[in-house]
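# Architecture and fold: a report
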Amino acid sequence: MNKISKEDRFPLWLRSLLKINFFFHPCEIHSGSFKKECNMYCLDCTGPALCYSCLADHKDHHVVQIRKSSYYDVVRICDVSKFIDVSDVQPYIVNGATIVFLEERLKPRFKEEGVKYTCKTCHGKLPEPFQFCSLRCKRKGLKKDPELTFALRPKLSRDVSKNADKPKYFSAEFV
């Protein structure tokens, strides 16, 4: 069995993304701009959050947009699934987009009666049988499980994936 490098298990850009809560503040450089709110993140530079005007300096880079849902920072799965495996993180559908939370959610927005799934890290209630409620909780789970990784895995063949049950997604709304 090949040993997975630390960088493959947990990319440096993701570490930086989860390290500091620095989104949704006015850009210090472009304070006079129309779209001055810093809600973008460059995976290549791993620096501070970016506003729309800052993107000109990152035109050939991989940039993801951070969004808000119920006062929590979220990212669309279609934006990050090209770079990391989020298959074991609880997805939600918000305004038609499938998202995952960056941080753990303290108060679920669904009825807790009959909920039998919990996050392996924070033990928060989950509406579906996923292992983690957020990217941060999966990050914490890496410390406990050496087989767990954010590295992308090869896709299943069509024959196998045809019969696989598709996960359901719990709906929420952007605030």
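Given the structure is predicted, the values throughout are model-derived calculations rather than measurements.

Cut-offs used in this document
- Residues numbered from 1 in each chain as written.
- Predicted model: local features only at pLDDT ≥ 70, side-chain atom pairs only at ≥ 80, totals over all residues.
- Heavy atoms only, no water.
- Salt bridge = Lys/Arg side-chain N within 4 Å of Asp/Glu carboxyl O.
- Helix = DSSP H or I, 4+ residues; strand = E, 2+ residues; numbered from the N terminus.
- Buried < 20%, exposed > 50% of the residue type's maximum accessible area, 1.4 Å probe, protein only.
- Disulfide = S-S within 2.5 Å.
- Phe/Tyr/Trp six-rings, centres within 6.5 Å; stacked < 30°, edge-to-face > 60°.
- Lys NZ or Arg CZ within 6 Å of the ring centre and 35° of its normal.
- Polar contact = N/O pair within 3.5 Å; in protein donor to acceptor, adjacent residues only side chain to side chain.
- Axes fitted to C-alpha atoms, helices over the stretch in contact; angles between N-to-C directions.
- Parallel < 35°, antiparallel > 145°, perpendicular 65-115°, else oblique.
- Left-handed = near helix turned anticlockwise from the far one by under 90°.
- Contact = heavy atoms within 4.5 Å.
- Core = buried A, V, L, I, M, F, W, Y, C linked by side-chain atoms within 4.5 Å.

## Details of the pattern of salt bridges
One pass over the structure, following the stated rule, counts four salt bridges. E103 is the salt-bridge partner of R136, the closest N and O atoms lying 2.7 Å from each other. With R136 in helix α4 (residues 135–144) and E103 in the loop between β5 (97–101) and β6 (117–118), this pair connects stretches of sequence that are 33 residues apart. The exposure class of E103 is partly exposed, given its relative accessible area of 32%. The residue E104 makes a salt bridge to K140 at a minimum N-O spacing of 3.7 Å. Placement of the pair is E104 in the loop between β5 and β6 and K140 in helix α4, with a sequence separation of 36 residues. On the accessibility criterion, E104 (23% relative accessible area) is partly exposed.

## Side note on the state of the cysteines
Following the criterion strictly, the structure yields zero disulfides and no others. Free cysteine: C27, not disulfide-bonded; nearest cysteine sulfur from C51 at 3.7 Å. C122 takes part in no disulfide bond, and the closest cysteine sulfur, belonging to C133, lies 3.6 Å away.

## Thoughts on the packing of aromatic side chains
Applying the stated rule across the entire model yields five aromatic pairs. Arranged with centres 6.4 Å apart and planes meeting at 80 degrees, the rings of W13 and F83 form a pair that is edge-to-face. Residue W13 is located in helix α2 (residues 12–19), and its partner F83 is located in the loop between α3 (77–80) and β4 (92–94); the two are separated by 70 residues in the primary sequence. Here W13 falls in the buried class, since its relative accessible area comes to 10%. The exposure class assigned to F83 is partly exposed, which follows from its relative accessible area of 25%. The interplanar angle of 90 degrees and the centroid separation of 5.8 Å between the aromatic rings of Y72 and F101 together place this pair among those described as edge-to-face. Taken together, the positions of Y72 in strand β3 (residues 72–76) and F101 in strand β5 put the pair 29 residues apart, joining distant regions of the chain. The structure contains a cluster of three or more aromatic residues connected by ring pairs, namely Y72, Y92 and F101. One Lys or Arg, K138, reaches over the ring of F150 and ends 4.5 Å from the middle of that ring. Over the ring of F10 we find R139, and its NZ or CZ is 4.1 Å from the ring centre.

## Here's the deal with the side chain of D85
Looking at the element boundaries, D85 is found in the loop between α3 and β4. Reaching out from D85, the side chain makes a polar contact with the side chain of S87 at a distance of 2.7 Å.

## Describing the packing of α2 against α4
Helix packing for two helices is described by the angle between their axes and how far apart those axes are. At a minimum axis separation of 11 Å, α2 and α4 run at an interaxial angle of 120 degrees. Judged by the inter-axis angle, α2 sits oblique to α4. Helix-helix and strand crossings are classified by hand; for α2 and α4 the assignment is left-handed. Between α2 and α4, the contacting residues are L14, L18 and K19 on the first element and L135, R136 and R139 on the second.

## Section: the nonpolar core
One finds L14, L17, Y41, V75, I84 and L135 to be the most contacted residues of the largest nonpolar core, which totals 37 residues. Counting only elements with at least two residues in this core, the list comes to α2, β1 (40–42), β2 (63–69), α3 and α4. Ignoring sequence-local partners within four residues, the contact set of L14 consists of I84, L135 and F150. V74, Y92, I99 and F101 belong to the second-largest nonpolar core, a separate cluster that totals five residues.

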